[in-house]
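Topology and contacts: notes
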Amino acid sequence: MKRIAAYKVLPLMSNKMNKRDIYAEFTGKTKFESYELEDEYDKKTDRICNKCNITKTRHDFQNNTCGDKPFGSDLLRYKRGECKECQHKESLGKSEAMKIAKTMGLDTKAPKGTECELCKKTKGIVFDHCHQSKLFRGWLCDPCNRSIGVLGDSSESVARVFNYLNKFEKKKFSFTEECIIVSNDC
Ligand SMILES: [Zn+2]
Ligand SMILES: [Zn+2]
């Protein structure tokens, strides 16, 4: 019972918690005692952006959480993979894509019950767009959407992953002009 209660309370608290409160909340599980000390460390520590591949400092990356956890196994704040600059460009791109979708009469919020086109889950569905054309691609759950980004955000990059896996799986797939037939869903 105690664990359930803690689980319910934490997400609500973390939204309201300011940076300093998180350090108090996780006393003993943080490398630094305060936000200020970690911030100083961040300014002096290199980190490479997974989007632009430029070496920046940890300070150039927004804090993140993994589930409800703000600190990783290194006892430092989780950081986003892309730098703040890339994150900013990405959010501008997304709002542009949403504007285009609106002018085309498309929804920019997933209608209730919408399934992720990849995993069929209905939780946390987001607007997915093509980063080149800024056109709406479809509805995906947040993890699937992020995964596509990590894999390179193109059919070519995902095909490389596909070939890599199939070197071992050696499955037979059929191909049409437009798609790889995985099951009957294509
Ligand atoms: Zn970047
Ligand atoms: Zn999904």
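Residues numbered from 1 in each chain as written. Chains lettered and ligands numbered in written order. Predicted model: local features only at pLDDT ≥ 70, side-chain atom pairs only at ≥ 80, totals over all residues.

**A few points about the overall build of the protein chain**
The number of helices and strands found in the protein chain is 6 helices and 8 strands. Listing every helix and strand of the protein chain by position from the N terminus yields α-α-α-β-β-β-β-α-β-β-α-α-β-β. Looking at the protein chain as a whole, 11% of its 186 residues qualify as buried. Contacts in the protein chain between residues far apart in sequence, at least 24 positions, make up 33% of those at least 6 positions apart. (Helix = DSSP H or I, 4+ residues; strand = E, 2+ residues; numbered from the N terminus. Buried ≥ 20, exposed ≤ 12 C-beta atoms within 10 Å, placed from the backbone. Contact = placed C-beta atoms within 7 Å.)

**Re helix H6 (residues 155-169)**
Relative to the 21 Å expected for 15 residues at 1.5 Å per residue, H6 spans 20 Å between its end C-alpha atoms, a close match to the ideal helical length. A small share of H6 lies buried, amounting to 0 of its 15 residues. Trailing H6 by a residue or two, Lys 170 shows a phi angle of about 45°, which is positive. (Expected span 1.5 Å × (residues − 1).)

**Description of the pairing of strand E6 (residues 136-141)**
Summarising the sheet, strand E5 (residues 125-129) and E6 pair through 5 bridges and their orientation is antiparallel. By the bridge assignment, Phe 127 is partnered in E6 with Trp 139. Following E5, the chain reverses through 6 residues before pairing antiparallel with E6; Lys 134 in that reversal takes a positive phi of roughly 65°. (Pairing = 2+ DSSP bridges.)

**With respect to the nonpolar core**
Membership of the largest hydrophobic core is limited to 6 residues, which are Cys 116, Ile 125, Trp 139, Leu 140, Cys 141 and Cys 144. By residue number, the principal contributor to this core is E6, which donates 3 residues. The contact partners of Cys 144, leaving out residues within four places of it in the chain, are Cys 116, Leu 118 and Cys 119. (Core = buried A, V, L, I, M, F, W, Y, C linked by C-beta atoms within 7 Å.)

**Side note on the environment of His 131**
Position of His 131 relative to the elements: it lies in the loop between E5 and E6. A C-alpha to C-alpha distance of 8.4 Å links His 131 and Glu 90, two positions 41 residues apart in sequence. For His 131, the contacting residues outside a window of four places in its chain are Gly 93 and Asp 153.

**Side note on the confidence of the model for the protein chain**
Overall, the prediction assigns the protein chain a mean pLDDT of 88, with 87% of residues at 70 or greater. Per-residue pLDDT, averaged within each element of the protein chain, yields its smallest value for helix H1 (residues 2-16) (44) and its largest for strand E2 (residues 55-57) (98). Every residue in residues 1-16 scores below 50 in pLDDT, and together they form 3 contacts with partners more than four places removed in sequence or on other chains. (pLDDT = per-residue confidence, 0-100.)

**Some remarks on the environment of Leu 75**
Tracing the backbone shows Leu 75 in the loop between strand E3 (63-64) and strand E4 (78-79). Sequence separation of Leu 75 and Lys 29 is 46 residues, and the distance between their C-alpha atoms is 6.0 Å. Setting aside anything within four residues of it in sequence, one finds Leu 75 in contact with Lys 29, Thr 30 and Lys 31.

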